[in-house]
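# Observations on the model geometry
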Amino acid sequence: MSELLRVEGLSKKFGALAAVDDLSFTLNEGEVVSIIGPNGSGKTTTINLISGELSATRGHVFLESSRITRFPPDRVAEAGIRRTFQNGRVFGNTSVLDNILIGQTPLLRVSHPLGRLRRYPVLRWVALLTELVVALTPFPAKTRELAWQRSAAEEEIGRFGAHRLVGREQDWAASLSYANRRRTEIARALASHPRLLVLDEPTAGMNTTETAEILDILLALKKQGQAILLVEHKLDLVMQLSDRVIVMDNGHKIAEGDPSEIESNPRVIEAYLGKRYATGGHA
Ligand SMILES: Nc1ncnc2c1ncn2[C@@H]1O[C@H](COP(=O)(O)OP(=O)(O)OP(=O)(O)O)[C@@H](O)[C@H]1O
Ligand SMILES: [Mg+2]
């Protein structure tokens, strides 16, 4: 299996606090790697460093052989890493469908021909004017691209089954249940067919049935070869889904291994899983 993501000596300090300290790991094509650990152990900070939401104090992130350390979030997304957020981020006053379509914008080469220029102060106006002209001009390549965009979004809406997002495409995201907002965010990340899907507690706030549905969806994605980096507190889900599990505590990686190794690692049991898990219950 070839290496997709490499994190090397990644560190993030917030003043005197080392939220992530010298973290290294890799994730191969098609692999599901989960990061677990107690509250405040540095899991979200790690994801934020990978996705460009935060800038590393030290260390590097590579996607294949390209160094993406300190790329802004839009460039990381363009490189093929798409994520969801622990607290959820949907545009409330925007429809479910548009929330998903937004995620694909960087991929639209016909509708946004000079999209990369948007990063530069003066040149961004050239990009915006070109997009305006393209938006006002009907031509086949654009129509085809927009049709692809829409069908990819609808496919993702359908992924969650008949009674979740289907039929709610035009509803404002603000009107959705908490679980449906999370589904919308996952759909937005998936609609761009990311090379790496990064999920920060995707089932937080979901009940047992909803969590089981997400597990099924993630297992199906894994079967299709989707690489996933997952942060999750629900250990049953983590253990069923992951090829490898990384355990963090106080910003450090304290263990890494396959689910059975992690479940039986005394240091992990002590730091995170707790006695109940060790005796067959849940942490
Ligand atoms: N922007 C920030 N400024 C200052 N401290 C921060 C910031 N973000 C995170 N921290 C601190 O860094 C540490 C790691 O936080 P992080 O959110 O990465 O933990 P986590 O493992 O995701 O926890 P949880 O399971 O509760 O989501 C915590 O002590 C947190 O308070
Ligand atoms: Mg977190």
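Look above for the structure.
Below is a summary of the structure that appears in this document. Treat the numbers as computed from the prediction; the structure is a model and nothing was measured.

Next up on the list: the overall build of the chain. Counting its regular elements, the chain contains 10 helices and 10 strands. In terms of overall dimensions, the chain has C-alpha extents of about 65 × 45 × 35 Å along its principal axes. Across the 283 residues in the chain, those meeting the buried criterion constitute 37%. A fraction of 63% describes how many contacts in the chain between residues 6 or more apart in sequence connect residues 24 or more apart.

A few words on the site of ligand 1. Neighbouring residues of ligand 1: F14, L17, A19, G37, N39, G40, S41, G42, K43, T44, T45 and Q86. Broken down by secondary-structure element, the contributors of at least two residues to the shell around ligand 1 are β2 (17–28) and α1 (43–51). Among the elements that make up the shell around ligand 1, the one with the highest residue count is α1 (3 residues). For the shell around ligand 1, the per-class residue count stands at 3 nonpolar, 8 polar and 1 charged.

What follows concerns the nonpolar core. Residues L196, L197, V198, I228 and V247 are the most contacted members of the largest nonpolar core, which totals 59 residues. Taken domain by domain, the makeup of this core includes at least three residues from each of domain 1 (1–80 + 194–283) and domain 2 (92–179). Sequence-distant contacts of I228, defined by excluding residues within four places in its chain, comprise V32, L197, L199, L218, L221 and K222.

Locating A77 in the fold gives a position in helix α2 (residues 73–79). With 21 C-beta atoms packed within 10 Å, A77 lands in the buried category. For the pair formed by A77 and S51, sequence separation is 26 residues and the distance between their alpha carbons is 7.5 Å.

Mapped onto the elements, V76 comes out in helix α2. For V76, a count of 23 C-beta atoms within 10 Å gives the class buried. Considering only alpha carbons, one finds V76 and L63, 13 residues apart in sequence, at a separation of 9.2 Å. Those residues within four positions of V76 in sequence are excluded, and the remaining contacts are S51, G52, I68, F71 and I81.

Conventions adopted
Residues numbered from 1 in each chain as written. Chains lettered and ligands numbered in written order. Predicted model: local features only at pLDDT ≥ 70, side-chain atom pairs only at ≥ 80, totals over all residues. Helix = DSSP H or I, 4+ residues; strand = E, 2+ residues; numbered from the N terminus. Buried ≥ 20, exposed ≤ 12 C-beta atoms within 10 Å, placed from the backbone. Contact = placed C-beta atoms within 7 Å. Near = placed C-beta within 6 Å. Nonpolar A, V, L, I, M, F, W, Y, C, P; charged D, E, K, R; others polar. Core = buried A, V, L, I, M, F, W, Y, C linked by C-beta atoms within 7 Å. Domains from an automatic or database assignment.

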